[in-house]
Amino acid sequence: MFDVARAAGVSVATVSRSLSDSPLIRADTKRRVKKAAIRLRYAPKIAAISLRGGRTPVIGVFSTFSATGWPAQHILWGLSEEIHRTRRHMVVYPSQSFPGPGRSFGQILDQGILGAIVVVGHPVVSAEPLKQALEWGIPVVTLEYRLPGAHSVHVDNITGGRLAAGRLAESCSRFAVVGPKNKNPLADLRSEGFLSELAQRGFDPALIRTATVERADVESGEALGRRLELTRGED
């Protein structure tokens, strides 16, 4: 704390009050102190001060809300339920702000309010600022890509595809494998598992159609279903 006080040109007491967000300290002084604290890697101590003050830790969730309809919202629902169950707060930052006219990841980190970070999807935030957060002692969890030092969660898409095919095979004899029009490695893995399971069960490949959609939403699915139904008699 003495180093932060010296770097910011204030007293130790002012540093303590600034990091505790005291109303007695001017906003520009708080910003100067917080920037000095971040620069000196004092961020973990900021989180500790928040805990001592009885404030609930804040978990920043950086996610993508792309036009392709990637189902991040379902993951966010699960995150929200678990985070609130543990009596913490979740703040969601959409990926459109990185980069963009909104606040950058560095600016958000400089506020010193995040007790942990969850990154849903890749690329949402570049690796460098996440490595910086890890260096400051802020836990980071990533979904679907690996970052040294961070906890990572990965979905077994091949097994998911196999399970889906197995369930459908119990009552269906004709299949359509639908994927995004743009290249998507995760969708490719699900398709691989789906087709592998059907092949193992002895289904004729001629009964399996493939198609693509622009967006992964209900309207696109309904339109595709109508199109497949119209061409069914051509097979």
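Please refer to the structure higher up on the page.
Residues numbered from 1 in each chain as written. Predicted model: local features only at pLDDT ≥ 70, side-chain atom pairs only at ≥ 80, totals over all residues. Heavy atoms only, no water.

1. Overview of the overall build of the chain
- Looking only at helices and strands, the chain has 10 helices and seven strands in total.
- Taking all 235 residues of the chain together, 35% fall into the buried category.
- Across the chain, every contact between residues at least 6 apart in sequence was considered, and the portion connecting residues at least 24 apart equals 57%.
- Surface accessibility of the chain: about 14200 Å² in total, with carbon and sulfur atoms responsible for 55%. (Helix = DSSP H or I, 4+ residues; strand = E, 2+ residues; numbered from the N terminus. Buried < 20%, exposed > 50% of the residue type's maximum accessible area, 1.4 Å probe, protein only. Contact = heavy atoms within 4.5 Å. Areas by Shrake-Rupley, 256 points an atom, 1.4 Å probe, with all protein chains shown as cover.)

2. Quick notes on the pattern of salt bridges
- Taken as a whole, this structure holds five salt bridges when the rule is applied.
- Where Glu-82 meets Arg-85, a salt bridge forms, and the shortest distance between an N and an O atom there is 2.5 Å. Taken together, the residues Glu-82 and Arg-85, both in helix α5 (residues 72–85) and three residues apart, mark about one turn of the helix.
- Taking the relative accessible area as the measure of exposure, Glu-82 reaches 41% and is therefore partly exposed.
- Linking Arg-162 and Glu-197 is a salt bridge whose minimum nitrogen-to-oxygen distance equals 2.9 Å. One end of the pair, Arg-162, is in helix α8 (residues 157–169); the other, Glu-197, is in helix α9 (residues 185–200), with 35 residues separating them in the sequence.
- Residue class for Glu-197 comes out buried when judged on its relative accessible area of 11%.
- Here the salt bridges share partners, and the residues they tie into one network are Arg-162, Glu-197 and Arg-201. (Salt bridge = Lys/Arg side-chain N within 4 Å of Asp/Glu carboxyl O.)

3. Some thoughts on the nonpolar core
- Residues Phe-62, Leu-109, Leu-114, Ile-117, Leu-130 and Val-140 are the most contacted members of the largest nonpolar core, which totals 17 residues.
- When contributions to this core are tallied by element, the ones reaching two or more residues are β1 (58–63), α6 (105–110), β3 (114–120) and α7 (127–135). (Core = buried A, V, L, I, M, F, W, Y, C linked by side-chain atoms within 4.5 Å.)

4. So, the environment of Val-120
- Inspection of the secondary structure assignment puts Val-120 in strand β3.
- Residues Val-120 and Tyr-145 lie 25 residues apart in sequence; the distance between their C-alpha atoms is 9.3 Å.

5. Comments concerning the sheet that holds strand β5 (residues 151–153)
- A sheet is described by the order of its strands in space; here five strands give the open sequence β2-β1-β3-β4-β5, paired in parallel fashion. Each having just a single partner strand, β2 (89–94) and β5 make up the two edges of the open sheet. Here the average twist between neighbouring strands, direction ignored, is 20°.
- Here β1 pairs with β3 via five bridges, running parallel. Across the sheet, Val-58 pairs through a bridge with Leu-114, a residue of β3. (Pairing = 2+ DSSP bridges. Axes fitted to C-alpha atoms, helices over the stretch in contact; angles between N-to-C directions.)

6. Considering the pairing of strand β6 (residues 175–180)
- With six bridges joining them, β6 and strand β7 (residues 208–213) adopt parallel strand pairing. Following the sheet pairing, Val-178 is matched in β7 by Ala-211.

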